[in-house]
Amino acid sequence: MGPPPCKGKNKAKEVKSSVEACCPSQGLRTKPQKRGIDIAGDPESQATGIEHVSLSISGMTCTGCETKLHRVLVSLPGIGNLKTSLVLSRAEFDVQLALSSVDAVMKHLERMTEFKCERISYHGSSMVIMPSQDPLLFANRPWPDGVLEISPVEKNNIRVVFNPDIIGARDLMEKHWAGMAKLAPLDGDPALTAGSKHVRNVGWMTLLSAVLTVPVLIFAWARLPGEAFTYDCVSLALATIVQVMIAGPFYPKALKALIFSRVIEMDFLIVLSTSAAYIFSVVSFGYLAASKPLSIGQFFETSTLLVTLIMTGRYIAALARQKAVESISIRSLQTRTALLVKDTDLLETREIDCRLLQYGDRFKVLPEMRIPTDGTVICGSSETNESMFTGNAQPIEKHTKSQVIAGTINGPGTLVVRVTRLPGSNTVDNIANMVDEAKLSKPKMQDLADKVASYFVPVVCGVTIITFVIWVAIGLAVQKKARSEAMTQSITYAIAVLIVSCPCAIGLAVPMVVVIAGGLSAQHGVIFKSANAIEITHKTSHVVLDKTGTLTQGKLTVVSQSFMEGGKASLHILLGLINDSKHPVSMAVGDYLKNQGVVAEAKCSVKSLPGKGMEARTDTQLIQAGNSRWLNLTGHALIQPILDQGHTAFCFAIDGHLCAVFGLEDSLRPDAAWAVAKLQERGMSVHVVSGDDAGATHTMTSALGIREENVRAGASPAEKQAYVRNLLASGITASEKVVVFCGDGTNDAAALAQATVGVHVNGGSDLAESAADVVLMRPGLGGLLAMMDVSKLATNRIKFNFAWSFVYNLFAILLAAGAFLNARIPPEFAGLGELVSVLPVVAAAVLLRWSKLSVE
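Thresholds applied
- Position numbers for residues count from 1 along each chain, tracking the sequence in the order it is written.
- In keeping with the model being predicted, local features are shown solely for residues with a pLDDT of at least 70 and side-chain atom pairs are shown and tallied solely at 80 or more, while totals for entire chains, interfaces and linings include all residues.
- Note that water and hydrogens are dropped before the side-chain values are worked out from all heavy atoms of the structure.
- UniProt positions are given in the numbering used here, feature names are shortened, and annotations may be inferred rather than shown by experiment.
- Labels follow the DSSP assignment, with helices taken as runs of H or I lasting at least four residues and strands as runs of E lasting at least two, numbered in each case from the N terminus.
- Three exposure classes are used, based on accessible area relative to the maximum for each residue type with a 1.4 Å probe and protein chains only: buried under 20%, partly exposed in between, and exposed over 50%.
- In what follows, a contact means two residues having at least one pair of non-hydrogen atoms within 4.5 Å.
- Lines fitted to C-alpha atoms define the axes here, with helix axes fitted over just the stretch in contact, and angles between the N-to-C directions of these axes take values from 0 to 180 degrees.
- Oblique is the label for any angle not under 35 degrees, not over 145, and not in the 65 to 115 range, which are roughly parallel, roughly antiparallel and roughly perpendicular in turn.
- Left-handed is the label given to a crossing in which the near helix is rotated counterclockwise from the far helix by less than a right angle, and right-handed is the label when the rotation is clockwise.
- Pairing between strands is defined by DSSP: at least two bridges between them are needed.
- Under the scheme applied, nonpolar residues are Ala, Val, Leu, Ile, Met, Phe, Trp, Tyr, Cys and Pro; charged residues are Asp, Glu, Lys and Arg; polar residues are all the others, including Gly.

For the protein chain, the name recorded in an unreviewed UniProt entry is HMA domain-containing protein, with Penicillium capsulatum as its organism. Its UniProt record gives the protein chain a comment under Sequence similarities (unreviewed entry), which states: "Belongs to the cation transport ATPase (P-type) (TC 3.A.3) family. Type IB subfamily." You can read under Subcellular location (unreviewed entry) in the UniProt record for the protein chain the words "Membrane".

Rendered as structure tokens:
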């Protein structure tokens, strides 16, 4: 089921959960120091707390598979926050370790569904290594401090999970396990790797089926010399191999889905149709062997060709889905190697696998080289191309203390960088995680698709029975055929109906578009954190904008200062109060004071009050710094001139007495006027709600052409939230309103949560980002327009996919059932149905990649 609409109190609760999820209190899960791989099921080894698990699922082919997966996981104790994706072949959930272990969940899932599961996320960092000795013996060695888990993977490799704050990957490989193990070959994104493995498996099975089918077709259609009975015997043998080896895996999947999950899925139709064709041919062969041949003979070629075409359709559909997901993979921006700088000599380097980087490392970035991971420049100067994140094609200068971003490309200079974030938890990975979050969520349209798909197979089974009965009647009463001939003809029509119908197009109609749309928007610096936002953003009626850091660049400068008597002497106290604040105003004043040579006096117990300012208490004083409204100083003689000039006033007071006031000004973002004009051209009502002073706010909004009644200055966080709530509640069509709030600061978090769609602007606070549904990675407001364009394109493609699914299944079933006099689909070619139905859906989604957005 998709997430509920993101607005109101429900969303505010989600925000609280999101914030708590960002700062978990349980800590890392650790296994006991009982050595060895297989300790599942040992009661004393079970940890407590909640663990987030991400599984790659191999074997899902249709929406019925996803329904089965969901139902099996929901039935297990301790499973919560479950999300599944057919397109990504993935399941994510939280498991209460006191009730169930991750291993137990995976084993139960594989047993109940016949799917193959592989874990792709772990607490701590992880790496796959190849031990030189038996994996079990290696795992039974004493684990170094910091190693959390050692578990087997395929090809005699083992996965090591460790806490990078305690021990680094390179220390493990070069100090503790030197000569005993080496890194396994890097496969790239684990989710894509698992998908590629599934595609390869389906491809090999399809090829085997084709090789076995070709001789059967030759025996059936070519006029070969010799005994026909011998050819029929060989055809029986080959058809049996195809039915057992290739179609065999469909049987346990279909039966388990029916028995344990109460789901009649596509595999059930395949089992019915191929079994009917095969069994009928075996019965016919039996009559032939008894010298009582039936008039219609055998059609082993029907069952074998049917299975081969089904496998061909599934292979091409799986390949198309995999290529579509790969085309928008963010993690592909990661480089695989780094030049490690030796501690004693900045000139001496050695190339290492990026997975071996650890905290404290320094690496060298040569000209035109992609930066391996996030870090701080400690030596050298250059320029980097960060257009993939900022949208700005101009190179950005880098020098000592500059921050560099993983995946960006270095310019002409050489840099030495200290690691601040490891590969796997850097900027590229964080963006990819947010994109995946949207891919795993489901919009309301998916509810409709799931409901239609749930009725699809039972309806098709009913239509099949009706088709069989009608053709038996026609064969006997109208065509005057013998009973055996009428039955045979009816069976061929029924088989064709069973197999030509395909719910896969309905199942892929929404998630395929969500995956590609999420990737397209990410490439333009817009990260959708929920599929619901993709679905509804194009319906936006009101856009509410914060001022500082959203409409403006958030780089304030001090343009005036005034002091009361003795105020100048207390600036060191002010700097100590605001020194650690991340609010744009405090940072601007702090930088100004530092440039004036002021030295901060450290303060304890400093409190940040969103929408107000900073406050600290000592034994003898109350120290405050913030806006004039909070301090009740708006009418003060030093402050009023600053407000009259349209500047932002920042006041400093001790025990309620004003000591100093600073006037600051900010500049509009270069694209602010253009973006506001475009939003208004599209018929949206643009509002500005700011915590800044009225003069500064109205000066800016009048320049942007925003109506005065749509502007609220001096708003607290609660007032911003109330403003958005009132917009949602006003008017006769309040339930259909889509209000977008765009902000960046902690004081915007409540309004972001209240809005239908909350949009977080690049560079803002972590709390604001957690409350938002969409994150703009690039500075500027063009992302708002791109966001709405992607939403509209995606919604139109989803509607097309629904229409195509309906048209295809209607005409395909009618053709297969013989509703048209001179045209029908023979059962042996009905297997092409999956291919014909799915490829247009995949193509419609993939073509989104080349769409032009307003941001361009």
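(A) How the structure looks around the side chain of Glu66. Turning to its location among the elements, Glu66 is positioned in helix α2 (residues 63-74). Residue class for Glu66 comes out buried when judged on its relative accessible area of 4%. The contact partners of Glu66, leaving out residues within four places of it in the chain, are Met60, Thr84, Ser85, Leu86 and Lys442.

(B) Representation of the packing of α2 against helix α3 (residues 102-113). Orientation of α2 relative to α3, taken along the N-to-C sense of each, is 135°, at an axis distance of 10 Å. Taken together, the axes of α2 and α3 lie oblique to each other. The handedness of the crossing between α2 and α3 is right-handed. Across from Lys68, Leu69, Val72 and Leu73 in α2, the residues of α3 making contact are Val105, His108, Leu109, Met112 and Thr113.

(C) Structural context of the sheet that holds strand β3 (residues 90-96). Spatially, the four strands line up as an open sheet ordered β2-β3-β1-β4, and their pairing is antiparallel. Lying at the two open borders of the sheet, with one neighbouring strand each, are β2 (79-85) and β4 (116-119). Direction aside, neighbouring strands of the sheet carry axes that sit 25° apart on average. The sheet contact formed by β2 and β3 spans five bridges and is antiparallel. Looking across to β3, one finds that Ile79 is bridged to Val95. Against the sheet, α2 engages β1 (50-58), β2 and β3, with an angle of about 170° to β2. Here α3 sits on the sheet and contacts β1, β2, β3 and β4; the angle it forms with β4, its principal contact strand, is near 160°.

(D) Region of interest: the UniProt feature "transmembrane region" (unreviewed entry) in the protein chain. Residues given the UniProt feature "transmembrane region" (unreviewed entry) here are residues 202-222, 228-247, 268-290, 296-317, 452-478, 490-520, 802-823 and 829-850. As annotated, residues 228-247 comprises 95% helix and 0% strand, and the C-alpha atoms at either end are separated by 26 Å. When the span residues 490-520 is considered, its composition is 87% helix and 0% strand, and the gap between its end C-alpha atoms is 48 Å.

(E) Focus on the packing of α3 against helix α8 (residues 250-260). Look at α3 against α8: their axes get within 8 Å of each other, and the N-to-C directions meet at 105°. In terms of orientation, α3 and α8 fall into the roughly perpendicular class. Here Arg111, Met112 and Thr113 of α3 lie close against α8, whose contacting residues are Lys253, Lys256 and Phe260. Among the residues forming the contact of α3 with α8, the class breakdown is two nonpolar, one polar and three charged.

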